[in-house]
Amino acid sequence: MAASSLPFTSLHLQFVSPNTKSSTTRLSSRRIRASVSEKPPVPGPAVAVPAKGETKLPLKKIPGNYGAPIVGPFKDRLDYFYNQGRDEFFKSKIQKYNSTVFRTNMPPGPFISQDPKVVALLDGKSFPVLFDVTKVEKKDLFTGTYMPSTDLTGGYRILSYLDPSEPKHARLKQLLFFLLKSRRDHVIPEFQASYSELFETLEKEVAEKGKSSFQTANDQAGFNFLCRAFFGSNPPDTKLGTDGPSLISKWVLFQLGPVLKLGLPKYVEELLIHTFPLPPALVKKDYQRLYDFFYESSGSIQDEAEKLGISREEACHNLLFATCFNSFGGMKIFFPNMLKWIGRAGIKLHNRLATEIRSAIRSNGGKLTMAAMEQMPLMKSVVYEALRIEPPVPLQYGRAKKDIVIESHDAVFQVKQGEMLFGFQPFATKDPKIFERAEEFVGERFMGEEGEKLLKHVIWSNGPETQQPTLGNKQCAGKDFVVLMSRLLVVELFRRYDSFDIEVGKSALGAAVTVTSLKRASF
């Protein structure tokens, strides 16, 4: 769950206490340093003295421009969504300016965001400055150059929109740490129960119809799992019933619509969601149903919130957001994407995963445990590779707190205090100067000592995979929890099946995966 962005940026709740490193991500006993420099910014135009053998990078003016007011942002928005598409929009500007750092406008622009101007950082070397809260501010930047109405979140600025310098940030993040730590023993059994239901649904529909939508089954299983694991409440047994996923999708649309492409006719979509915000009143009753469910289900967590100085009401709105927007949103985006990449990788990888996973479980008494998963290096690498090649939160923002110097692979650039920085994460995590065969899904990429060294460049969680969330940073509070969930999906899939086939389409939030065959485990 990524905490600072699409946005499903924060899906991310931590599975351990803030001072405890999780065993699920401890890949070696030695510490790996973060990729973000802790040194203060270099004043003025001077550049740090290069180390011996290094080449001093030239200081360059940031290329690009914003065009005329209204006209420039509107043109960039049309290019981003329709004329070029998102990836080509960025690629064309890199080619035009011969630079991975440049100035541009980011959607939505007029008339939703007051200032769409950004400095884009589109390589793995410049991108990490967005994690450094001594250099950038994260206040109200979760969704980018605009902020949805707080009427959509009970009148509160939710944790994802708070900068670590704000007093409530630490208290609310501590509450999420408490939630995950206090419920950690429920995660594996509730995941197994919920996703057993999912696989039974897929099997039945494939047998009857020849295919089954993974999205539909995943939405219900994911929401049920989160509510059972975090709050001990099973939605179908409450007034909410099975309506949770549809209510969440509608509510999220009202927040992310300005930066989504829904596939409607261009000018209908432009007028409907890209030019003016959708009125929060239209989802007020839907949100109230969700809020009532979480208020009734989270009493013990609200008790802890009061001890931290947080009202029960504010705590509930934050728990709802963390569960529905961040965690559920992450599963809704990332699980189909991961299934897509594993499915496309083919039967050789499937066989290797099945053999490794089943062998590790057998060697641990036939029971799936955290220790058993630590004995599955290929499975762990596959999850990291999926997070690398298609991170669930592609867009990242930060506003310069002071004049700073930013380095790309080719040059050094000066950014002035107050300027908005933007990073497109898939370009940073597929940087060919960092990763060989960067555009390919390589399942074993992060195995072994050399593979572990690359983990600092896996940055889906608003920070390097080699770092942990703290009260003072904006890394996803549930980084380890998201990794664990993703590992559990792969494990449960290959415990049951030798291989599977899929068809892949597109959706507003990622891949639309249809399962067409499931080959039952034969060994």
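Quick caveat: nothing in here was measured; it's all calculated off a predicted structure.

### Observations concerning the overall build of the protein chain
(1) Moving on: The secondary structure content of the protein chain amounts to 16 helices and 10 strands.
(2) Moving on: In the protein chain, buried positions account for 58% of the 523 residues.
(3) Moving on: On the protein chain, roughly 21500 Å² of surface is accessible, and the fraction owed to carbon and sulfur atoms is 52%.

### Some details on the pairing of strand S1 (residues 101–105)
(1) Moving on: Judged by how many residues are buried, S1 sits mostly within the fold: five of five residues are covered.
(2) Moving on: In S1, alternate side chains face the same way, and those of Val101, Arg103 and Asn105 on one face and Phe102 and Thr104 on the other are all buried.
(3) Moving on: Where S1 and strand S2 (residues 117–121) come together, five bridges link them in antiparallel fashion. Paired with Asn105 across the bridge in S2 is Lys117.

### Considering the sheet that holds strand S8 (residues 420–424)
(1) Moving on: The strand order across the open sheet formed by five strands is S1-S2-S8-S5-S3, and the pairing between neighbours is mixed. Looking at which strands have only one partner, the edges of the open sheet turn out to be S1 and strand S3 (136–137).
(2) Moving on: Note that S2 and S8 share three bridges and pair parallel. Opposite Leu121, over in S8, you have Gly423 as the bridge partner.
(3) Moving on: Running over the sheet, helix H2 (residues 86–97) touches S1 and S8 and is turned about 130 degrees from S1.

### Focus: the pattern of salt bridges
(1) Moving on: The final tally for this structure, using the stated rule, is 33 salt bridges.
(2) Moving on: With its nearest N and O atoms 2.8 Å apart, the salt bridge here joins Glu166 to Arg157.
(3) Moving on: Here Glu166 falls in the buried class, since its relative accessible area comes to 16%.
(4) Moving on: Under the relative-accessibility criterion, Arg157 is labelled partly exposed at 26%.
(5) Moving on: Between Lys401 and Asp163 there is a salt bridge, with its nearest N and O atoms 4.0 Å apart. Residue Lys401 is found in the loop between strand S5 (395–400) and strand S6 (404–407), and its partner Asp163 is found in the loop between S3 and helix H3 (167–182); the two are separated by 238 residues along the sequence.
(6) Moving on: Each of the salt bridges in this network shares a partner with another, and the network as a whole consists of Asp140, Arg157 and Glu166.

### Points about the nonpolar core
(1) Moving on: Within the largest apolar cluster, 113 residues are counted, with the highest numbers of intra-cluster contacts made by Tyr195, Phe225, Trp251, Phe335 and Met376.
(2) Moving on: Take this core: its biggest share by element is 16 residues, from helix H10 (residues 312–345).
(3) Moving on: Leave out the neighbours within four places in its chain, and Trp251 touches Leu152, Thr153, Tyr287, Leu320, Phe321, Cys324 and Phe325.

### Remarks on the pairing of strand S7 (residues 412–415)
(1) Moving on: Strand direction decides the pairing type here: S6 and S7, joined by four bridges, are antiparallel. What sits directly across from Glu407, in S7, is Val412.
(2) Moving on: Connecting S6 to the antiparallel partner S7 that follows it, the hairpin turn spans four residues.

### What to know about the UniProt feature "binding site: heme" (unreviewed entry) in the protein chain
(1) Moving on: Annotation from UniProt places "binding site: heme" (unreviewed entry) at Cys476.
(2) Moving on: On the secondary structure map, Cys476 appears in the loop between helix H15 (448–453) and helix H16 (479–496).
(3) Moving on: We classify Cys476 as buried; its relative accessible area is 0%.

### Looking at the confidence of the model for the protein chain
(1) Moving on: Taken over all residues, the pLDDT of the protein chain has a mean of 91, while the share at 70 or more is 89%.
(2) Moving on: Across residues 1–53 the pLDDT falls below 50, and counting only partners more than four positions away or on other chains, this stretch makes 175 contacts in the model.

### Regarding empty space enclosed by the protein
(1) Moving on: A complete count under the given rule lists six cavities of 30 Å³ or more for this structure.
(2) Moving on: The volume enclosed by the second largest cavity comes to roughly 60 Å³.
(3) Moving on: Lining the second largest cavity we find Phe199, Leu202, Phe214, Leu339, Leu489, Leu493, Phe500, Val515 and Leu518.
(4) Moving on: Among the elements of the structure, helix H4 (187–209), H16 and strand S10 (510–520) are those that each provide at least two residues to the lining of the second largest cavity.

### Things to note about the side chain of Glu314
(1) Moving on: In this fold, Glu314 is placed in helix H10.
(2) Moving on: Every residue in contact with Glu314, bar those within four places of it in the chain, is listed here: Tyr156, Lys168 and Leu172.

### Some points on the packing of aromatic side chains
(1) Moving on: Counted according to the given criterion, the structure contains 37 aromatic pairs.
(2) Moving on: Centroid distance Trp251 to Phe321: 5.9 Å. Interplanar angle 85 degrees. Geometry classified as edge-to-face. In this pair, Trp251 sits in helix H6 (residues 244–256) while Phe321 sits in helix H10, placing the two residues 70 residues apart along the sequence.
(3) Moving on: Here the aromatic cluster, defined as three or more aromatic residues joined through ring pairs, consists of Phe191, Tyr195, Phe223, Phe225, Phe230, Phe231, Phe293, Phe294, Phe328, Phe335 and Phe481.
(4) Moving on: Cation over ring: Arg358 sits above Phe523, and NZ or CZ is 4.3 Å from the ring centre.
(5) Moving on: The ring of Phe435 has Arg388 lying over it, and the distance from NZ or CZ to the ring centre is 5.0 Å.

### Side note on H16
(1) Moving on: Spanning 18 residues, H16 covers 27 Å between terminal C-alpha atoms, matching the ideal 26 Å at 1.5 Å per step.
(2) Moving on: With respect to burial, H16 is a largely interior element, 17 of its 18 residues being buried.

### Focus on the environment of Phe254
(1) Moving on: Considering the arrangement of structural elements, one finds Phe254 in helix H6.
(2) Moving on: Along the primary structure Phe254 and Ile273 are separated by 19 residues, whereas in three dimensions their C-alpha atoms are 8.4 Å apart.
(3) Moving on: With sequence-adjacent residues up to four places away left out, Phe254 is seen in contact with Leu152, Leu278, Pro279, Pro280, Leu282 and Val283.

The rules we used
Residues numbered from 1 in each chain as written. Predicted model: local features only at pLDDT ≥ 70, side-chain atom pairs only at ≥ 80, totals over all residues. Heavy atoms only, no water. Helix = DSSP H or I, 4+ residues; strand = E, 2+ residues; numbered from the N terminus. Buried < 20%, exposed > 50% of the residue type's maximum accessible area, 1.4 Å probe, protein only. Areas by Shrake-Rupley, 256 points an atom, 1.4 Å probe, with all protein chains shown as cover. Pairing = 2+ DSSP bridges. Contact = heavy atoms within 4.5 Å. Axes fitted to C-alpha atoms, helices over the stretch in contact; angles between N-to-C directions. Salt bridge = Lys/Arg side-chain N within 4 Å of Asp/Glu carboxyl O. Core = buried A, V, L, I, M, F, W, Y, C linked by side-chain atoms within 4.5 Å. UniProt positions renumbered as here; feature names shortened; annotations may be inferred. pLDDT = per-residue confidence, 0-100. 1 Å grid on protein atoms, 1.4 Å probe; cavity = no way out; pocket = protein on both sides within 12 Å on 5 of 7 lines; lining within 4 Å. Points joined across faces, edges and corners; volume = space filled by probe spheres on them. Phe/Tyr/Trp six-rings, centres within 6.5 Å; stacked < 30°, edge-to-face > 60°. Lys NZ or Arg CZ within 6 Å of the ring centre and 35° of its normal. Expected span 1.5 Å × (residues − 1).

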